[in-house]
Amino acid sequence: MSAEEPGDYDLFVIGAGSGGVRAARIAAAHGATVAVAEEHKVGGTCVIRGCVPKKLLVYGAHFAEDLEDAAMFGWDVPEKRFDWPVLRDNVLAEVGRLEGLYEQTLGNHDVEIFHERAVLTGPDSIQLASGRTVTAGKILIATGARPFMPEVEGIEHAISSNEVFHLEKMPMRIVIAGGGYIANEFAGIFHQFGAHVVVVNRGDALLRGYDEQMRDRLLQISMTKGIEFRFNSTFDRIEKKADGALRLAMSGCDDIEADALLFATGRIPNVEGLGLDLAGVKLGAKGEIKVDANSRTNVSSIFAVGDVTDRIQLTPVAIREGHAFADSQFGDHAWHVDYDNVPNAVFSHPPIAAVGMTESEAKNKLGQVRTYTSDFRPMKNVLAGRNERSLYKLVVDAATDVVVGIHMIGPDAPEILQAAAIAVKAGLKKPDFDNTIALHPTMSEELVLMR
Ligand code: NDP
């Protein structure tokens, strides 16, 4: 197959999200002829209907508390009023701008973009929705994942994180199903916008995988703010009433009436109708594309990166997988993604951020661990009269003094943790933290003052 023949590429990428775009751009920079097919918008979940618009809503939501707190700092703020369509439209415009930039980046690297669906027809052939068939030396599947919507009668009346950015009206009563990232982030967002928020979780724990003390602190702060929780509860039926309100018939708690119901119950890999069976690509138990450390599937010419492989469903991980794939297959040095100590954050109100092992993971894995905690009221909260405490925790391997985990909840925790994660990744020890002089007055100084 030659790159000179029209329709033939060194690399064909299906899906122009974070992983696909990075792989396409890097492979092209290495000299490969590359095409990308995208049936929705260039940018993928993170840019179009995930991290980016969500973070902008988080910023927008934070003004509610900032405007309240301003009074104690001497500012006379007239009565505040929130206008959802203004924020929504500004966020969507920014998303549109970013989409254009992503397209531009691909164009600048001479990556051909097909704005249509592409499916595999064999190990090196792809059929586009227009009917055209193209061939490629290597194919990368980067189709991401989509919200999982459980089978509940009336589920068509519920929305997912795909629709939440486009709501015509601000729902003044919203029920959020799930207890993970998206549920806790949007609970904070809608609460700050003035909605009455009820979070319904099938189990009794929020944010599985995060340190227990951080999860407990978030629950306690969220409840104090007025967010309601229903644990061990499930949905029997969702009905839309004549006035447009939703009536939710529940098991485990009383029935609920709401203006909107958001399901945030995990995300499932986008593999349906991709022709994976025709190409002979194998899937794992959760429907994910199975890949090796090189992101190669069981078919040697077909690779996959990002959420469709369900390794760690985070944008920076997908980007790194795409980059490693492109360097390894089209550049002159091969490398693998290192999945140890990936920092992560929940942009709840306040946010949680973490890197490395939780206390219980460290105890299971290492046996003897020491923990150091700082439970403090940030200076700004004290003056504002806001009774909200932050909690930082270091988990240390007792045998080596190495800091194996940092867990934080409090204002700007994700901003602070990114830098601290370097120390954990580098294997620094508790005395290295102790030897670092504090930067005063900050919240982050607590990281070097815990004794
Ligand atoms: P999560 O995996 O974080 O949480 C899913 C929640 O839904 C859990 O509470 C889970 O309960 C519950 N659940 C799962 N299945 C069902 C079901 N059938 N019925 C009822 N409840 C169910 O998923 P999200 O949807 O919040 O987010 C998806 C992914 O997107 C995340 O895993 C994360 O990787 C990524 N993301 C990352 C963000 C960030 O980095 N800040 C922000 C948003 C998303 P249980 O605990 O019992 O399993």
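Described below are features of the structure shown in this document. (Residues numbered from 1 in each chain as written. Predicted model: local features only at pLDDT ≥ 70, side-chain atom pairs only at ≥ 80, totals over all residues. Heavy atoms only, no water.)

## A look at the packing of helix H3 (residues 51-69) against helix H5 (residues 181-192)
Here is step 1 of the chain: For the pair H3 and H5, the least separation of the axes is 8 Å and the interaxial angle reads 45 degrees. In terms of axis orientation, H3 runs oblique to H5. In this structure, the crossing between H3 and H5 has a hand that is left-handed. Residue-level contacts link Lys54, Leu57, Val58, Ala61, Ala64 and Glu65 of H3 to Glu185, Phe186, Ile189 and Gln192 of H5. (Axes fitted to C-alpha atoms, helices over the stretch in contact; angles between N-to-C directions. Helix = DSSP H or I, 4+ residues; strand = E, 2+ residues; numbered from the N terminus. Parallel < 35°, antiparallel > 145°, perpendicular 65-115°, else oblique. Left-handed = near helix turned anticlockwise from the far one by under 90°. Contact = heavy atoms within 4.5 Å.)

## Section: the site of the ligand
Here is step 1 of the chain: Near the ligand, the surroundings consist of 19 residues, among which Gly179, Ile182, Gly266, Gln313 and Ala345 are the closest.
Here is step 2 of the chain: Within the side chain of Arg208, one N or O atom sits 2.9 Å away from an oxygen atom of the ligand.
Here is step 3 of the chain: Protein chains bury 76% of the 910 Å² of accessible surface belonging to the ligand in isolation.
Here is step 4 of the chain: In terms of residue count, the dominant contributor to the shell around the ligand is H5 (three residues). (Near = heavy atom within 4 Å. Polar contact = N/O pair within 3.5 Å; in protein donor to acceptor, adjacent residues only side chain to side chain. Areas by Shrake-Rupley, 256 points an atom, 1.4 Å probe, with all protein chains shown as cover.)

## Topic: the state of the cysteines
Here is step 1 of the chain: Counting across every chain of the model gives one disulfide.
Here is step 2 of the chain: The side chain of Cys46 participates in a disulfide bridge whose partner is Cys51; the two sulfur atoms lie 2.4 Å from each other. Residues Cys46 and Cys51 are joined by a disulfide whose S-S torsion is about -140 degrees; by sign, that bridge is left-handed.
Here is step 3 of the chain: Overall, the relative accessible area of 11% leaves Cys46 in the buried class. (Disulfide = S-S within 2.5 Å. Buried < 20%, exposed > 50% of the residue type's maximum accessible area, 1.4 Å probe, protein only.)

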